[in-house]
Amino acid sequence: MNYWLFKSEPGEFGIDDLANSPGKTNNWDGVRNYQARNMMRDQMKKGDLGFFYHSNCEQPGIVGTITIVREGYSDHTAFDPKDKHFDAKSDPENPRWFMVDVKLKRKFSTELQLKYLKQFADKELQGFQLLMRGNRLSVMPVTKEHWDFIDSLV
DNA sequence: GCCAACGTTGGC
DNA sequence: GCCAACGTTGGC
């Protein structure tokens, strides 16, 4: 089993939007970065767990956990010219972008704010990509050690 | 709104 | 293949 972290802007799609989705499940579409795409297409497996992270907002942080319930498949939003994630270069016959389906596992009663997590950057969370300078990946792997530590903070 | 970091694009 | 220009991310 693998562990991941998914970033989303709460104004676009926050954890409550996932909670309010049918079956608390939705597709994680709109990823337009090749590294992130490769992870979604090749490495994410049904049953993997992920952190739900709110980015680009007043209080960025980890707000809950999700389960991967469907493995990588074609991101159809790339084919819709009206969609903000439209990509004319993605061919339905040979899609460029992929998504997975995720289900809300747990919404934290207390958010683990980025500024709180940072105090562990040189200790328990050393090497955690989220805390590293210049990190911009919207989907990233999390080690079991980091996952367990963060989980213990909730 | 600013700006550092970094990915992508495109001319050569 | 190099690299400057440009666009995006995302914390602050």
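Anything mentioned here points back to the structure above.
Here goes a summary of the coordinates provided. (Residues numbered from 1 in each chain as written. Chains lettered and ligands numbered in written order. Predicted model: local features only at pLDDT ≥ 70, side-chain atom pairs only at ≥ 80, totals over all residues. Heavy atoms only, no water.)

In this section: the overall build of chain A. When helices and strands are counted, chain A shows 5 helices and 6 strands. Secondary structure elements in chain A, listed N-terminal to C-terminal, are β-α-α-β-α-β-β-β-α-β-α. Against the 2.2 N^0.38 benchmark of 15 Å for 154 residues, chain A shows a C-alpha radius of gyration of 15 Å, consistent with a compact globule. Counting every position in chain A, which comprises 154 residues, the buried fraction comes to 44%. Considering only residue pairs separated by 6 or more positions, chain A has 72% of its internal contacts joining residues 24 or more positions apart. Here chain A displays about 8600 Å² of accessible surface, and carbon together with sulfur accounts for 44% of that area. (Helix = DSSP H or I, 4+ residues; strand = E, 2+ residues; numbered from the N terminus. Rg over C-alpha atoms; globule rule 2.2 N^0.38 Å. Buried < 20%, exposed > 50% of the residue type's maximum accessible area, 1.4 Å probe, protein only. Contact = heavy atoms within 4.5 Å. Areas by Shrake-Rupley, 256 points an atom, 1.4 Å probe, with all protein chains shown as cover.)

Here the focus is the packing of aromatic side chains. Overall, the coordinates contain 8 aromatic pairs when judged by the stated rule. Ring centres of F51 and W147 lie 3.8 Å apart, and the angle between their planes is 20 degrees; on these two criteria the pair is classed as stacked. Residue F51 is located in strand β3 (residues 49-54), and its partner W147 is located in helix α5 (residues 144-153); the two are separated by 96 residues in the primary sequence. With a relative accessible area of 0%, F51 lands in the buried category. (Phe/Tyr/Trp six-rings, centres within 6.5 Å; stacked < 30°, edge-to-face > 60°.)

The next thing to look at is the nonpolar core. One finds F6, W28, M40, M44, V100 and V102 to be the most contacted residues of the largest nonpolar core, which totals 21 residues. Broken down by secondary-structure element, the contributors of at least two residues to this core are β1 (3-8), α2 (15-19), α3 (34-43), β4 (61-74) and β5 (98-113). One finds L117, L130, L131 and I150 within the second-largest nonpolar core, a separate group that totals 20 residues. (Core = buried A, V, L, I, M, F, W, Y, C linked by side-chain atoms within 4.5 Å.)

Along the chain, the position of D87 falls in the loop between β4 and β5. There is a polar contact of 2.8 Å between the side chain of D87 and the side chain of W97. Beyond its immediate stretch of four places on either side in the chain, D87 contacts A78, R96 and W97. (Polar contact = N/O pair within 3.5 Å; in protein donor to acceptor, adjacent residues only side chain to side chain.)

The subject of this paragraph is the protein's contact with DNA strand B. Around DNA strand B lies a shell formed by Y34, K89, R133, G134 and R136. A per-class count over the surface near DNA strand B returns 1 nonpolar, 1 polar and 3 charged. (Near = heavy atom within 4 Å. Nonpolar A, V, L, I, M, F, W, Y, C, P; charged D, E, K, R; others polar.)

For the rest of this paragraph, the subject is the sheet that holds β5. One open sheet holds the 6 strands; their spatial order is β2-β5-β4-β3-β1-β6, and the pairing between them is mixed. Since the sheet does not close on itself, it has two edges, and those belong to β2 (25-27) and β6 (139-142), each with one partner. On average, adjacent strands in this sheet sit at an angle of 35 degrees to one another, irrespective of strand direction. Direction of pairing for β2 relative to β5: antiparallel, over a ladder of 3 bridges. Bridging across to β5, N27 finds its partner in D101. Relative to the sheet, α5 contacts β1, β3, β4, β5 and β6, its axis offset from that of β3 by approximately 60 degrees. (Pairing = 2+ DSSP bridges. Axes fitted to C-alpha atoms, helices over the stretch in contact; angles between N-to-C directions.)

This paragraph deals with the pattern of salt bridges. Considering all chains together, one arrives at 6 salt bridges under this definition. Between R96 and D87 there is a salt bridge whose closest N-O contact spans 3.7 Å. Looking at R96, the relative accessible area reads 24%, which means it is partly exposed. D87 sits in the buried class, given a relative accessible area of 14%. (Salt bridge = Lys/Arg side-chain N within 4 Å of Asp/Glu carboxyl O.)

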